[in-house]
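Each chain, written out:
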Amino acid sequence: MWCIFHNNRFYKALCMAVILCCFSSLDAQSYSTDPNGLDPMGLHKLYETHPQINGQTATIGLVEMYERSNDESGSSNFLPNLSHQAFSGIDIKGIYRYRTTIRSTTPSSHSTMIAGILFGDDPFAENNAIGKFSYRGILPQASLNIYETTWFIRKRIFTPNQTITDDVLSFSWGTDASSPKMQWLQRGVDRLVDANNCVVVAGCGNGEDQFKSITKPSSGYNVISVGAAQGLGNFPTFLNYVGPPLNKYSNRGPTDDGRSKPDIIAPGMCLGPSATNTNEYACHDHQASFSSYASPQVAGIAGLLIDAGNQLSYPEIKDPRLIKALLVNGANKLSGWHKGNIGTDDDASSPLDYQQGGGLVNAYNSYEHLISGKADENNISNNTGWDLDDISCDPNDPNHIKIYPLANGVESGQEIKVTLCWHAHFNQDTNFTQKSLSNLILELWKTNSEGELIELLDVSNSMLDNLQHIYHVANETTTLAILIRGLENKDNPSERFGLAFTTDQKNWSGDLLSADLNADGTINDLDLMEFVNLQSSDSESKPSLSKGDLNNDGILDDLDMNEILVQWNMISPWISQ
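Everything quoted here is computed from the prediction, not taken from an experiment.

Chemist: In this structure, what is going on with the overall build of the protein chain? I would like to understand it.
Modeler: The helix and strand tally for the protein chain stands at 10 helices and 24 strands. A total of 577 residues make up the protein chain; the buried ones form 60% of that total. Taking all contacts inside the protein chain whose residues are at least 6 apart in sequence as the whole, residues at least 24 apart take part in 77%. Here the protein chain has roughly 21500 Å² of accessible surface; of this, 47% comes from carbon and sulfur atoms.

See the structure below:
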């Protein structure tokens, strides 16, 4: 579905290239579980243990494009169906658009679904195919601003002296156009984040059939780029069981300039309020996963973290660098996760997986990071925590190195995750020219009984990204320290960073057996046939394929086939649901 901005000579070339991400779709059958698919993201656990975290102190901005109707009138709308009972208690602070009247009385299905993911609240929900259920969005108590996309671009991105009052902005649109105006848009969004301390979350695109790489502005340095996890099984099973993204439904990195994106993934499937009546819920006629719906899932969780930080009196929680670090470090890695290109070596120069980013977003894990408290070099109470601080980019300044000794040792087999984020900076001029990017290095060290660094265990040292990430499995019982190193940058004497770390959360590999290549829940001859087809495919496509490479060595060979035989006749947990 194509959507364009209003006719305007200055913006027409820009707007014609912007594509609205397609609707997700569902194949309905009876079920009794939560229709939002909140469980894989740790939200049920968060709500059960901390019910006061509901978004009450957060403001979310929904930036939506006009969606053309399917009737002969060609009319269009960007507003959700605000008369739906799921939105009866919604707190709308403002609606921003050029026209005083909308083109259609029919609300946007796309916008309605996204608003439901974020703000829906209906204990008496109903769908003809599945009966009655209780529906809840991620943060139903948050405040909402709704922006028409062209208005927002002109009045907030390209009018840089305007103040952004939203804590989080959710974008479910993008383009891969390489024209200067597209680059301009991306730089403008990056500048907006850096100048306003506003979190921007954007879908990375709907797969290789539409885009060659990560969409703009999702590919921006300071934007949280979101990919779409694969749903497992049929509706409604695939709302609660997810696996790694599929190329055909979710764009993969790297970006055009070689950076690691997306940053994170989320389920891109949902059942949401209907745009055509006041009480029913919409599900579509085939299962697919799209970043249009993955993006607001992450935006909603970012809003929950901000709400939690506000309630805990952590003013640092407003900083997008800290939010990104908490989200990425709390994410669960699904099967096949590997930094950068597929292979046995750890790609230190590529901080994230090109399909999964840091992994599947997990609200509970990230919240646990937050409540563990702010750390500094002299005060780390446990092995999970965060920091927001400045580091020198002058190698002659002692403050160009920061060391965080972990309070407790780790045992052999224990997993360590560390994420470091900082901003790219842009001039406030008409072109938003980018300043020199700072380079910060992240290292994990083994220490002795005196706390001295004695062995470098892992490093993330990308010279392109403004994010570093370490995922390390200890091979012995030992003590550790995290080290951040600021490299020389004569244009920028210091850099503010967000840091998150943990050794206390077991990584989750997902509910998809690695050998279940056709994702039907069982390992059998169909998976073997799928492997043979992959092995005989064009060799040029193999380096980008994680599917079938079960031992992650970059080769489809007998070792992978043996793993299929080891898992023969195994059944995935979700198949019996």
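Chemist: What am I meant to see in the pairing of strand β24 (residues 494-502) here?
Modeler: Look at any regular strand and the pattern is simple: side chains alternate between the two faces of the sheet. Of all 9 residues in β24, 7 are buried, a share of seventy percent or more. One ladder, built from 8 bridges, connects strand β17 (residues 385-392) with β24; its direction is antiparallel. Paired with Asp389 across the strands is Phe497, a residue of β24. Pairing of strand β19 (residues 415-422) with β24 involves 6 bridges; the strand directions are antiparallel. Each residue of the ladder has a partner; that of Val418, found in β24, is Phe501.

Chemist: What is the right way to read the sheet that holds strand β20 (residues 440-447) from this model?
Modeler: The strands that make up a sheet are held in pairs by hydrogen bonds between backbone atoms, and each pair lies either parallel or antiparallel. In space, the 4 strands of this open sheet follow the order β18-β23-β20-β21, with antiparallel pairing throughout. At either margin of the open sheet sits one strand with a lone partner, and together these are β18 (401-405) and β21 (453-460). For this sheet, the mean angle separating the axes of adjacent strands, direction not counted, is 25°. Examined bridge by bridge, β20 and β21 share 6 bridges and lie antiparallel to one another. In the sheet register, Leu444 faces β21, and the bridge partner there is Asp458.

Chemist: I keep staring at the nonpolar core and nothing clicks. Help me out?
Modeler: In a soluble, globular protein the nonpolar side chains are often hidden away together inside. Ranked by size, the top nonpolar core spans 62 residues in total, and within it Leu43, Ile138, Ile224, Val298, Ile323 and Leu327 carry the most contacts. Those residues within four positions of Ile138 in sequence are excluded, and the remaining contacts are Leu38, Leu43, Tyr47, Ile117, Leu118, Pro296, Gln297, Gly300, Ile301 and Leu304. Val418, Ala424, Phe426 and Leu480 belong to the second-largest nonpolar core, a separate cluster that totals 25 residues.

Chemist: Looking at this structure, I do not really get the packing of helix α9 (residues 525-535) against helix α10 (residues 558-566). What am I missing?
Modeler: How two helices pack is summed up by the angle between their axes together with the distance between the axes. Here α9 crosses α10 at 170°, and the two axes come no closer than 10 Å. By the angle class used here, α9 and α10 are roughly antiparallel. Contact residues: α9 offers Asp527, Leu528 and Phe531, while α10 offers Asp560, Met561 and Ile564. Each residue belonging to the contact of α9 with α10 can be placed in one class, and the counts come to 4 nonpolar, no polar and 2 charged.

Chemist: Whenever I open this one, the sheet that holds β24 confuses me. Can you help?
Modeler: Strand order in the open sheet made by the 4 strands is β17-β24-β19-β22, with antiparallel pairing throughout. Only two strands of the sheet have a single partner each, and these edge strands are β17 and β22 (467-473). This sheet shows a mean twist of 15° between the axes of neighbouring strands, independent of strand direction. As paired strands, β19 and β22 are joined by 7 bridges and run antiparallel to one another. What sits directly across from Glu415, in β22, is Val473. Along the sheet face, helix α7 (residues 320-330) touches β17, β19, β22 and β24 and points at about 25° away from the line of β24.

Chemist: Help me out: how do you make sense of the pattern of salt bridges in this one?
Modeler: A side chain of one charge can pair with a side chain of the opposite charge if their charged atoms are brought near each other. For the coordinates displayed, the defined rule picks out 11 salt bridges. The partner of Lys324 in a salt bridge is Asp263, and the shortest N-O contact between them spans 4.0 Å. Linking Lys324 in helix α7 with Asp263 in the loop between β13 (242-243) and β14 (264-267), this pair joins segments that are 61 residues apart in sequence. A single burial state applies to Lys324 and to Asp263, both of which are buried. Here the salt bridges do not stand alone but share partners, grouping Lys261, Asp263 and Lys324 into one network.

Chemist: Help me understand helix α3 (residues 109-119), please; the structure alone is not making it clear to me.
Modeler: Since the α-helix packs 3.6 residues into each turn, any two residues three or four apart lie on the same face. Of all the 11 residues making up α3, 10 are buried; the element is thus mostly covered by neighbouring parts of the structure. Among the residues of α3, those classed as buried are His110, Ser111, Thr112, Met113, Ile114, Ala115, Gly116, Ile117, Leu118 and Phe119.

Chemist: Would you mind showing me how to read the confidence of the model for the protein chain here?
Modeler: Predicted coordinates in regions of low pLDDT should not be interpreted in detail. For the protein chain, per-residue confidence averages 83 on the pLDDT scale, and residues scoring 70 or more make up 84% of the total. Across the protein chain, the element-wise mean pLDDT spans from 30 in strand β1 (residues 19-20) up to 98 in α7. Low pLDDT (under 50) marks residues 1-33, which in the prediction has 118 contacts with non-local residues, meaning those over four places away or in another chain. Below pLDDT 50 for its whole length, residues 538-545 participates in 8 contacts with residues either more than four positions away or in separate chains.

Chemist: Would you explain the environment of Gln428 in this entry?
Modeler: Take Gln428: it is sitting in the loop between β19 and β20. Along the backbone, Gln428 and Asn161 are 267 residues apart, and their C-alpha atoms lie at a distance of 8.7 Å. When sequence neighbours within four positions are dropped, the list of residues in contact with Gln428 reads Pro160, Asn161 and Arg191.

Chemist: Where do I start with unusual backbone geometry in this structure?
Modeler: Peptide bonds are mostly trans, and most non-glycine residues show a negative phi. Backbone torsion omega between Lys216 and Pro217 reads 10°, so that peptide bond is classified as cis. A cis amide bond links Lys261 to the next residue, Pro262, at an omega of 0°. Structurally, Pro262 is set in the loop between β13 and β14. Residues other than glycine seldom take positive phi values, yet Asn197 does so here, at roughly 50°.

Chemist: What is the right way to look at the packing of aromatic side chains in this model?
Modeler: Centre-to-centre distance and the angle between the planes together describe a pair of aromatic rings. The final tally for this structure, using the stated rule, is 13 aromatic pairs. Three or more aromatic residues joined by ring pairs form one cluster here, namely Tyr96, Tyr147, Trp151, Phe152, Phe171 and Trp173. Cation over ring: Arg259 sits above Tyr221, and NZ or CZ is 4.0 Å from the ring centre. The lysine or arginine in question, Lys333, covers the ring of Trp337, its NZ or CZ lying 4.6 Å from the ring centre.

Cut-offs used in this document
- Residues numbered from 1 in each chain as written.
- Predicted model: local features only at pLDDT ≥ 70, side-chain atom pairs only at ≥ 80, totals over all residues.
- Heavy atoms only, no water.
- Helix = DSSP H or I, 4+ residues; strand = E, 2+ residues; numbered from the N terminus.
- Buried < 20%, exposed > 50% of the residue type's maximum accessible area, 1.4 Å probe, protein only.
- Contact = heavy atoms within 4.5 Å.
- Areas by Shrake-Rupley, 256 points an atom, 1.4 Å probe, with all protein chains shown as cover.
- Pairing = 2+ DSSP bridges.
- Axes fitted to C-alpha atoms, helices over the stretch in contact; angles between N-to-C directions.
- Core = buried A, V, L, I, M, F, W, Y, C linked by side-chain atoms within 4.5 Å.
- Parallel < 35°, antiparallel > 145°, perpendicular 65-115°, else oblique.
- Nonpolar A, V, L, I, M, F, W, Y, C, P; charged D, E, K, R; others polar.
- Salt bridge = Lys/Arg side-chain N within 4 Å of Asp/Glu carboxyl O.
- pLDDT = per-residue confidence, 0-100.
- Phe/Tyr/Trp six-rings, centres within 6.5 Å; stacked < 30°, edge-to-face > 60°.
- Lys NZ or Arg CZ within 6 Å of the ring centre and 35° of its normal.

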